[in-house]
Amino acid sequence: VLEGYNGTIFAYGQTGAGKTHTMEGVPDDDELMGIIPRAFQHIFDHVALLTRGQSGEDDADDVGVGDGEKYLVRASYFEIYNEEIRDLLVKGGGGSGG
């Protein structure tokens, strides 16, 4: 993902098995943070590290990128249940049969 490739995390299992807890975790608890917030934290920490080098400081350990470099992060969060797909980032679920 950090090299520009797409990534997918697919949680599959029986109702009540802990998929949502594993993916989301407990808000505001670093130890019980789920996969989604950990992944976002890792991605944005990496981007911050790379863009820090654009400040013009001369540092041999800097891993910054070229001037004008931009980053685009896109995310989707879907639920598939009983052959119905719901976009969990759209207010109201944005259900589409299927």
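Above: the structure in question.
Residues numbered from 1 in each chain as written. Predicted model: local features only at pLDDT ≥ 70, side-chain atom pairs only at ≥ 80, totals over all residues. Heavy atoms only, no water.

**Structural notes on the overall build of the protein chain**
When you go through the protein chain residue by residue, the secondary structure sums to two helices and three strands. The helix and strand sequence of the protein chain, counted from the amino end, reads α-α-β-β-β. In the protein chain, buried positions account for 10% of the 98 residues. The contacts in the protein chain between residues at least 6 apart in sequence include a share of 17% that link residues at least 24 apart. (Helix = DSSP H or I, 4+ residues; strand = E, 2+ residues; numbered from the N terminus. Buried < 20%, exposed > 50% of the residue type's maximum accessible area, 1.4 Å probe, protein only. Contact = heavy atoms within 4.5 Å.)

**As for the layout of surface pockets**
Space inside the largest pocket adds up to approximately 1,600 Å³. Lining the largest pocket are 41 residues; nearest its centre among them are Thr8, Ile9, Met23, Ser76 and Tyr77. Taken together, the elements giving at least two residues each to the lining of the largest pocket come down to α1 (19-24), α2 (35-52) and β1 (78-81). The leading source of residues in the lining of the largest pocket is α2, at eight residues. Across the lining of the largest pocket, the residue classes break down as 25 nonpolar, 12 polar and four charged. (1 Å grid on protein atoms, 1.4 Å probe; cavity = no way out; pocket = protein on both sides within 12 Å on 5 of 7 lines; lining within 4 Å. Points joined across faces, edges and corners; volume = space filled by probe spheres on them. Nonpolar A, V, L, I, M, F, W, Y, C, P; charged D, E, K, R; others polar.)

**With respect to the environment of Gly25**
Looking at the secondary structure, you find Gly25 in the loop between α1 and α2. Considering only alpha carbons, one finds Gly25 and Ile35, 10 residues apart in sequence, at a separation of 7.4 Å. Excluding its chain neighbours within four sequence positions, the residues that come into contact with Gly25 are Thr20, Leu32, Met33 and Gly34.

**Topic: the pattern of salt bridges**
For the coordinates displayed, the defined rule picks out one salt bridge. Here Glu79 ties to Arg86 by a salt bridge, and the two come within 2.7 Å at their closest N and O atoms. By relative accessible area, which is 31% here, Glu79 ends up partly exposed. Overall, the relative accessible area of 35% leaves Arg86 in the partly exposed class. (Salt bridge = Lys/Arg side-chain N within 4 Å of Asp/Glu carboxyl O.)

**Points about α2**
If you check α2, its first and last C-alpha atoms are 26 Å apart, about what 18 residues at 1.5 Å a residue would give, namely 26 Å. Of the positions making up α2, those classed as buried are Ile43, Val47 and Leu50. Viewed end-on, α2 has its buried residues packed into an arc of 65°, placing them on one side of the element. Relative to its buried face, α2 has exposed residues pointing more than 90 degrees away, namely His42 and Arg52. (Expected span 1.5 Å × (residues − 1). Arc of directions from axis to C-beta.)

**Brief notes about the packing of aromatic side chains**
To describe a pair of aromatic rings, you give the distance between the ring centres and the angle between the ring planes. All told, the structure shown has one aromatic pair when counted by the stated rule. An angle of 15° between the planes, with centres 6.2 Å apart, marks the rings of Phe40 and Phe44 as stacked. Here Phe40 pairs with Phe44, and both are found in helix α2, just four residues apart, close to one helical turn. (Phe/Tyr/Trp six-rings, centres within 6.5 Å; stacked < 30°, edge-to-face > 60°.)

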